[in-house]
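Residue-level structural notes
Spelled out, the chains give:
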Amino acid sequence: MKRVFSGIQPTGDLHIGNYLGAMVNYVALGNQLGREAIYCIVDYHAPTNPAAYDKQLLAQRTLEAALVNMAAGLDPDKVILFAQSHVPEHTELAWIFTTQTPYGDLTRMTQFKDKASKLESVPAGLLMYPVLMAADILIYKADTVPVGDDQTQHLEIAREIARRWNLEYGETFPEPQTYLNQDAPRVPGVDGKAKMSKSVGNTIGLLEDEASIWAKIRTMPDDPARIRLSDPGDPGRSVVFKFLSYFAAPELVAVLRQEYARRGVGTLVVKELLMQEMMKKLRPIRQRADALRANPERVLDALEDGARRARAIAKATMEEVREKFGLLPRHTKSKA
Ligand code: TYM
């Protein structure tokens, strides 16, 4: 059976970059027959970034991340949804992989270099991050990994780890493939420059209130081709149009592009339409999130059930891995 796996960090409010780049595909792949889909709130990854980790908030954010994913359409009856720390085999496998992964492969990771350069003291966990990620995926022998394109380098390492293991210890793991949302592999921030990211502060939260979202859309930069109001715009260079293409029907976008390019409509009209179309998607998510918040047991039950099902798979893989790796099997005293 084909198996899908992905992880998402509980580092505060999930944003539309997470949603479009990854969560939309979690739902789509979770609904496909003939695939088993496993999604994990990766609470052990979060503390590798000291700027985003807060021990008072970690548990609450883990629950919240699960809740928002369910509100966005993940159905725990169809997929396995759980918290990483509830399946301790992930970290066990990560240690074994750590012993087999060249240090140099990890120090050349772009995300590591970026994040480490901003820190005075770099936790070793930040360097090992992609190894834990490989363990997350490979412990389920998953072959398909829906993510945004910022994770492609980490997926390369995961494939490398699988390949090296299979050569040394015998065929065990598939080489997991990156599964991108071709329409939104890398969602830009509202500043129109950097990738949308919590650490840059250029996000639109999935559950952000409407007034606050409108304030961000209203002040989005105009396209650089339109300096004076009378200049014809270039929709291809406009971040407003980029966002519109994520949320509006292609026919509407096509008409607006034409009108905009010949100065038939101004940016404000396009922004108002963007707001309208975006809210058609986000409002139902917020309503489902409110309903779940009134009944958090549903989320806790889903996580408990998810961890139980995930753990059964993870345990079986670890038995195989321990044996192939040459560890002394656990001895059980004979009772006779
Ligand atoms: P995280 O928590 O940073 O992000 C969750 C998912 O959202 C995607 N994403 C984006 N996609 C498009 N445009 C954006 N602006 C954008 N911002 C975020 C991310 O690519 C990701 O898919 N390392 C992972 C978590 C992880 C994981 C795993 C993923 C841990 N173990 C195993 C897959 C498999 C991360 O930090 O994602």
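In this text, all values refer to a predicted model and were calculated from it rather than measured experimentally.

A look at the overall build of the protein
Counting its secondary structure elements, the protein contains 12 helices and 5 strands. For 336 residues, the compact-globule estimate of 2.2 N^0.38 gives 20 Å, and the protein sits close to it at 22 Å. With respect to the three principal axes, the spread of C-alpha positions in the protein is 90 × 45 × 40 Å. Looking at the protein as a whole, 48% of its 336 residues qualify as buried. Sequence-distant contacts, at least 24 apart, represent 77% of the contacts inside the protein between residues at least 6 apart. With the model as given, the accessible surface of the protein reaches about 16900 Å², and the carbon-plus-sulfur share is 52%.

As for the layout of surface pockets
Of the volumes computed, that of the second largest pocket is approximately 220 Å³. Taken together, Glu319, Arg322, Glu323, Leu327, Leu328, Pro329 and Arg330 form the lining of the second largest pocket. Looking at the lining of the second largest pocket residue by residue, the classes come out as 3 nonpolar, no polar and 4 charged.

Considering the packing of helix α9 (residues 239–247) against helix α11 (residues 267–293)
Look at α9 against α11: their axes get within 9 Å of each other, and the N-to-C directions meet at 30°. By the angle class used here, α9 and α11 are roughly parallel. In the packing of α9 onto α11, the handedness of the crossing is left-handed. Across the interface between the two elements, Val240, Phe241, Phe243, Leu244 and Phe247 of α9 pack against Thr267, Val270, Lys271, Leu273, Leu274, Glu277, Met278 and Lys281 of α11.

Some thoughts on the packing of aromatic side chains
Evaluated as defined, the whole model comprises 11 aromatic pairs. Between Trp165 and Tyr169, the ring centres sit 4.2 Å apart and the planes meet at 35°, which makes this aromatic pair tilted. Placement of the pair is Trp165 and Tyr169 together in helix α7 (residues 152–169), with a separation of 4 residues, close to one helical turn. A relative accessible area of 2% places Trp165 in the buried class. Judged by centre distance (5.5 Å) and plane angle (55°), the ring pair of Tyr169 and Phe325 falls under tilted. Of this pair, Tyr169 sits in helix α7 while Phe325 sits in helix α12 (residues 297–325), and the two are 156 residues apart along the sequence. Following the ring pairs from residue to residue traces out a cluster consisting of Phe97, Trp165, Tyr169, Phe173 and Phe325. Over the aromatic face of Tyr129 sits the side chain of Lys115, whose NZ or CZ is 5.8 Å from the ring centroid.

Things to note about the environment of Arg263
Inspection of the secondary structure assignment puts Arg263 in the loop between α10 (250–261) and α11. In this structure Arg263 comes out as partly exposed when scored by relative accessible area, which is 48%. Distance in space between the C-alpha atoms of Arg263 and Ala291 is 44 Å, their sequence separation being 28 residues. The residues contacting Arg263, other than those within four sequence positions of it, are Arg226, Ser230, Asp231 and Pro232.

What to know about the site of the ligand
Among the 26 residues in the neighbourhood of the ligand, the closest are listed as Tyr129, Asp136, Gly148, Asp150 and Val187. The backbone of Gly17 places a nitrogen or oxygen atom 3.3 Å from a nitrogen atom of the ligand. A distance of 2.8 Å is found between a nitrogen atom of the ligand and a backbone nitrogen or oxygen belonging to Val187. Computed on the free molecule, the ligand has an accessible area of 710 Å², of which 94% lies beneath the protein chains in the complex. Looking at the shell around the ligand, the elements that each hand over two or more residues are β1 (2–8), α1 (16–30) and α6 (124–138).

Details of the side chain of Gln84
Along the polypeptide, Gln84 turns up in the loop between β3 (80–83) and α3 (89–100). Dropping the residues within four chain positions of it, Gln84 is found in contact with Cys40, Ile41, Val42, Asp43, Tyr44, His45, His90, Leu132 and Asp136.

Quick look at the domain arrangement of the protein
Accessible area lost during the coming together of the parts is what is often quoted as the interface size. Per the domain assignment, the segments of the protein are domain 1 (4–186 + 296–325) and domain 2 (210–290). In this structure, domain 1 and domain 2 have C-alpha centres spaced 33 Å apart. Tallying the contact residues gives 9 residues for domain 1 and 9 residues for domain 2. Carbon and sulfur atoms supply 76% of the area buried between domain 1 and domain 2, which totals about 770 Å² over both sides. The tally of links between domain 1 and domain 2 comes to 0 salt bridges. Our count for the contact surface shared by domain 1 and domain 2 stands at 1 residue pair in polar contact (both at pLDDT 80 or more). The set of elements that each furnish at least two residues to the side of domain 1 that touches domain 2 consists of α1 and α2 (58–71). Classifying every residue of the side of domain 1 that touches domain 2 gives 7 nonpolar, no polar and 2 charged.

Rules behind the numbers
Residues numbered from 1 in each chain as written. Predicted model: local features only at pLDDT ≥ 70, side-chain atom pairs only at ≥ 80, totals over all residues. Heavy atoms only, no water. Helix = DSSP H or I, 4+ residues; strand = E, 2+ residues; numbered from the N terminus. Rg over C-alpha atoms; globule rule 2.2 N^0.38 Å. Buried < 20%, exposed > 50% of the residue type's maximum accessible area, 1.4 Å probe, protein only. Contact = heavy atoms within 4.5 Å. Areas by Shrake-Rupley, 256 points an atom, 1.4 Å probe, with all protein chains shown as cover. 1 Å grid on protein atoms, 1.4 Å probe; cavity = no way out; pocket = protein on both sides within 12 Å on 5 of 7 lines; lining within 4 Å. Points joined across faces, edges and corners; volume = space filled by probe spheres on them. Nonpolar A, V, L, I, M, F, W, Y, C, P; charged D, E, K, R; others polar. Axes fitted to C-alpha atoms, helices over the stretch in contact; angles between N-to-C directions. Parallel < 35°, antiparallel > 145°, perpendicular 65-115°, else oblique. Left-handed = near helix turned anticlockwise from the far one by under 90°. Phe/Tyr/Trp six-rings, centres within 6.5 Å; stacked < 30°, edge-to-face > 60°. Lys NZ or Arg CZ within 6 Å of the ring centre and 35° of its normal. Near = heavy atom within 4 Å. Polar contact = N/O pair within 3.5 Å; in protein donor to acceptor, adjacent residues only side chain to side chain. Domains from an automatic or database assignment. Buried area = accessible area lost by both parts, 1.4 Å probe. Salt bridge = Lys/Arg side-chain N within 4 Å of Asp/Glu carboxyl O.

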